[in-house]
Amino acid sequence: MPSPTPSASILVVDDEPDLRTLYELTLLREGHAVTTAADLQQAREQLASRRFDVLISDMQLPDGLGLSLLREVAERQRSEKCIVITAHGSAENAVESLKAGAFDYLTKPVDLRQLRSAVSAALLSQRAPAAAPNEPQRVAPPPPSGVRALERIVGRSSSIVQIKGRIEKVATSMAPVLILGESGTGKELVARAVHECSHRAHGPFIAVNCGAIPENLIEAEFFGARKGAYTGASADREGYFQAAHGGTLFLDEIGDLPLAMQAKLLRVIQERRVRALGAVQEEAVDVRLVSATHRDLPALVQAGQFRQDLYYRLNVIGLRTPALRDRPEDLPELAHALLVRLCHDAGQAVPDLSPAALHWLQSRELPGNVRELENLLQRALALSSGAVLHPADFGEISDTIPDTLVDPLPAAVDAFARPSAASDARDAALPDDLQRYLDEQERRVLLQALQACGFNRTAAAARLGLNLRQMRYRIQRLGIMLPGAAGGADTEAGDV
Ligand SMILES: Nc1ncnc2c1ncn2[C@@H]1O[C@H](COP(=O)(O)OP(=O)(O)OP(=O)(O)O)[C@@H](O)[C@H]1O
């Protein structure tokens, strides 16, 4: 997780791409905005176009010495603090750099902790009273869409205020963001807010549920496919990366990504290019990655189920969404905001929540967090007809499946579904569409399991010996609507 060091703009100059990336990632993780250059010329162009807080330069560059950059900075009385990276044992260079005005020097191989502390020290010195003209950088206010996206994250607890502040701060960089938090805690809301607060807000925001894509389709879904690349590919199609070009790609449930796909994703992140299935050429993609998971990614790394290198790549900036039980003070405001939204969507008047109903909600554990709260409120709205919601309107979640969730079964299917149906009924009512019949059976079983588990998909999947991916896929395939599903079958209802 990033340190509390104030964020700064840093120019890193090194001709070795791997080292450049290593320094860049290290500094991005600290919350800084990093620009890179591979030689003196590129560095000069960058310096001519804007001002940085810190300049870090390798000494030996293809077109000259990093020392000349330092001299130019000093001669022009620029405010950049310079840190030079010198070859091991090259004391002379180090001394010369300091004489030329370097704030500090580091020797190769660079210890990343030293790099971080040298940058912090440089920033502190720059912001000390002696350097008063260099005002600390202020985060620019987010665009109007960003303000609205932040407003959608309801709550005034310190954890919510803190995460909103962090969103504003990290939105301005390209650094990948990893959002961790339990299911239903608003990870997708946070991802959207990162996008809306960034300069990419005018570009697309593409949200992908990595756990819901069948493994055999995953590569085509991510990178696109040319016509004929696989059976059923009847036309060219773009993948998520192409669709998110110029914007943000939100990889939800990243912990569910199969290992083979993890390797391919890593390659794309490193090279910033994708090749569609069946295509000859690669294409450049400009995408900011935001990922999320409710799973313990470090534990998955330990267990060999998640690539460590990918984890570091995705986790340059970490955000954590707080569980509802850790911010109980937000519940009244949240309940009201959710009621307003639900009633607005349904075109009905917003009822009040009686103090007893609020107390009832507050006394529940709500392991499904805000989503579970939302489901409970939606259910109460459906059951109540008054202008005030009382505890009785919430009922018990484990009574019968709401009728609206279950389509009537065809007579033939019904005959098969009832254990009491006589064998002659079976003979008479052989289904004339086996697939439909099997689908209806599956649908009925899934709904029963979901209902028995309070519409928690993870628990329902476990009851049926399925994993979450299989469960999601089936829910989507069968078009099952879950309580709280706003638009479509692939909802996120009720997982923990
Ligand atoms: N702080 C909040 N303010 C208002 N609504 C919220 C908040 N947090 C979550 N919600 C609502 O709760 C529901 C679930 O949120 P969201 O999908 O962002 O959670 P999630 O953490 O991404 O869940 P999952 O891990 O299952 O994907 C959404 O309808 C969202 O609008």
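Residues numbered from 1 in each chain as written. Predicted model: local features only at pLDDT ≥ 70, side-chain atom pairs only at ≥ 80, totals over all residues. Heavy atoms only, no water.

- You'll find the chain entered in an unreviewed UniProt entry as Sigma-54-dependent Fis family transcriptional regulator, with Hydrogenophaga crocea given as the organism.

## Quick look at the overall build of the chain
Working step 1: Each helix and strand counted, the chain has 22 helices and 16 strands in total.
Working step 2: Considering the chain as a whole, with its 496 residues, one finds that 48% of them fall into the buried category.
Working step 3: Residue pairs at least 24 apart in sequence account for 70% of intrachain contacts in the chain once pairs closer than 6 positions are excluded.
Working step 4: If you sum the accessible surface of the chain, you get close to 24,000 Å²; carbon and sulfur atoms cover 52% of it. (Helix = DSSP H or I, 4+ residues; strand = E, 2+ residues; numbered from the N terminus. Buried < 20%, exposed > 50% of the residue type's maximum accessible area, 1.4 Å probe, protein only. Contact = heavy atoms within 4.5 Å. Areas by Shrake-Rupley, 256 points an atom, 1.4 Å probe, with all protein chains shown as cover.)

## Here we look at the confidence of the model for the chain
Working step 1: When the pLDDT values of the chain are averaged, the result is 82; 83% of them are 70 or greater.
Working step 2: Here residues 128-139 scores under 50 on pLDDT; set against residues more than four positions off or in separate chains, the count is 13 contacts. (pLDDT = per-residue confidence, 0-100.)

## Comments concerning the packing of helix α20 (residues 434-452) against helix α22 (residues 468-477)
Working step 1: α22 packs onto α20 with a crossing angle of 125° between their chain directions and a minimal axis gap of 10 Å. The angle between the axes of α20 and α22 places the two elements in the oblique class. The two elements α20 and α22 meet at a crossing, and its hand is left-handed. Contacts between α20 and α22 involve Q435, D439, E442, L446 and L450 on the former and, on the latter, M471, R474, I475 and R477.
Working step 2: Here the contact of α20 with α22 is composed, by residue class, of 4 nonpolar, 1 polar and 4 charged. (Axes fitted to C-alpha atoms, helices over the stretch in contact; angles between N-to-C directions. Parallel < 35°, antiparallel > 145°, perpendicular 65-115°, else oblique. Left-handed = near helix turned anticlockwise from the far one by under 90°. Nonpolar A, V, L, I, M, F, W, Y, C, P; charged D, E, K, R; others polar.)

## Focus on the packing of aromatic side chains
Working step 1: The final tally for this structure, using the stated rule, is 6 aromatic pairs.
Working step 2: Centroid distance F222 to Y240: 5.5 Å. Interplanar angle 80°. Geometry classified as edge-to-face. In this pair, F222 is assigned in helix α9 (residues 218-223) and Y240 in helix α10 (residues 240-243), connecting sequence segments 18 residues apart.
Working step 3: Residue class for F222 comes out buried when judged on its relative accessible area of 0%. (Phe/Tyr/Trp six-rings, centres within 6.5 Å; stacked < 30°, edge-to-face > 60°.)

## Some points on helix α16 (residues 369-383)
Working step 1: Here α16 spans 21 Å end to end across 15 residues, near enough to the 21 Å set by a 1.5 Å rise per residue.
Working step 2: Within α16, 11 of the 15 residues are buried, which leaves the element mostly enclosed by the surrounding structure.
Working step 3: Within α16, the full set of buried residues consists of N369, V370, R371, L373, E374, N375, L376, L377, R379, A380 and L381.
Working step 4: On its buried face, α16 is in contact with α14 (331-346), β15 (352-353), α15 (355-362), β16 (388-389) and α17 (391-394). (Expected span 1.5 Å × (residues − 1).)

## Comments concerning helix α2 (residues 40-49)
Working step 1: Regarding α2, the residues found buried are L40, A43 and L47. Each buried residue of α2 lies within a common arc of 65° when the element is viewed along its axis, so the set occupies one face. Opposite its buried face, α2 presents the exposed residues Q41, A48 and S49, each directed more than 90 degrees away.
Working step 2: If you follow the buried residues of α2, they end up packed against β1 (9-13), β2 (33-37), β4 (60-61), β5 (64-65) and α3 (66-75). (Arc of directions from axis to C-beta.)

## Section: the pairing of β1
Working step 1: Among the 5 residues of β1, 5 are classified as buried, and the element is accordingly described as predominantly covered.
Working step 2: On β1, burial covers both faces: S9, L11 and V13 on one face and I10 and V12 on the other are all buried.
Working step 3: Both β1 and β2 contribute to a ladder of 5 bridges, which runs parallel. Among the inter-strand pairings, I10 is bridged to a residue of β2, identified as V34.
Working step 4: Following the backbone out of β1, through helix α1 (residues 17-29) and into the adjacent parallel β2, one traces a crossover that is right-handed.
Working step 5: Sheet analysis places β1 next to strand β3 (residues 54-58), joined by 4 bridges and oriented parallel. What sits directly across from V12, in β3, is I56. (Pairing = 2+ DSSP bridges. Right-handed = clockwise from strand over helix to strand, strands pointing away.)

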